[in-house]
Amino acid sequence: MADYYQLIAKAVAGLDPKAPSESRRALYERARAALLAEMRTINPPFTEAEITRERLALEEAVRRVEGETSQREREARIPSFSNLVTDTEDQGRTAAVPMIVTGGATGRLTRIWRVRR
């Protein structure tokens, strides 16, 4: 059995990071078609059980790569605290920063906290 994860991860890494997820889906479809075509032409032919096993291994690699890629995209969209106010003209001014509150204080805050830089 081939290491499909390494092949798929390398192919996805070669895509433009700003490309839409449709480009990844197209890559996955090409990989599925190529695997099936290759397995159908090999002599002696693969059994249906072997083909199914290889296709499932490819699907697992796709799920793993897609999960990792989606996680990186979510993390890239979350701004860090230091990125909230970046302009030098904003230094020294008060900025309204929405905050996420967890734990026992959840729901008790009724105003937006003010952060002084």
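Here the structure is a predicted model, which is why all the values come from computation and not from measurement.

(A) Summary view of the confidence of the model for the protein chain. Here the protein chain shows a mean pLDDT of 77. Residues at 70 or above account for 66%. In the model, residues 106-112 has pLDDT below 50 throughout and makes five contacts with residues more than four positions away in sequence or in other chains.

(B) Examining the pattern of salt bridges more closely. Per the stated rule, a full pass over the model turns up seven salt bridges. For the salt bridge of R25 with E22, the shortest nitrogen-to-oxygen distance reads 3.7 Å. Of the two residues, R25 and E22 both sit in helix α2 (residues 21-41), three residues apart, roughly one turn of that helix. Look at R25 and you get partly exposed, because its relative accessible area is 46%. A salt bridge links E60 to R63; the nearest nitrogen and oxygen atoms lie 3.2 Å apart. With E60 and R63 both in helix α3 (residues 48-77) and three residues apart, the pair spans about one turn of that helix. Overall, the relative accessible area of 45% leaves E60 in the partly exposed class. Look at the salt bridges and you will find they share partners, linking E29, R32 and E59 into a network.

(C) Representation of helix α1 (residues 4-13). All buried positions along α1 are accounted for by Y4, Y5, I8 and V12. The arc enclosing the buried residues of α1, seen along the axis, measures out at 95°, which places them on a common side. In this structure, α1 carries L7, K10 and A13 as exposed residues pointing more than 90 degrees from its buried face. Residues of α1 that are buried make contact with α2 and α3.

(D) Representation of the nonpolar core within the structure. Of all hydrophobic cores here, the largest spans 14 residues; its most connected members are Y4, I8, V12, Y28, L35, L58 and V65. For this core, the secondary structure elements donating two or more residues are α1, α2 and α3. Ranked by the residues each element gives to this core, the list is headed by α3, at six residues. Setting aside anything within four residues of it in sequence, one finds L35 in contact with Y4, E54, R55 and L58.

About the thresholds
Residues numbered from 1 in each chain as written. Predicted model: local features only at pLDDT ≥ 70, side-chain atom pairs only at ≥ 80, totals over all residues. Heavy atoms only, no water. pLDDT = per-residue confidence, 0-100. Contact = heavy atoms within 4.5 Å. Salt bridge = Lys/Arg side-chain N within 4 Å of Asp/Glu carboxyl O. Helix = DSSP H or I, 4+ residues; strand = E, 2+ residues; numbered from the N terminus. Buried < 20%, exposed > 50% of the residue type's maximum accessible area, 1.4 Å probe, protein only. Arc of directions from axis to C-beta. Core = buried A, V, L, I, M, F, W, Y, C linked by side-chain atoms within 4.5 Å.

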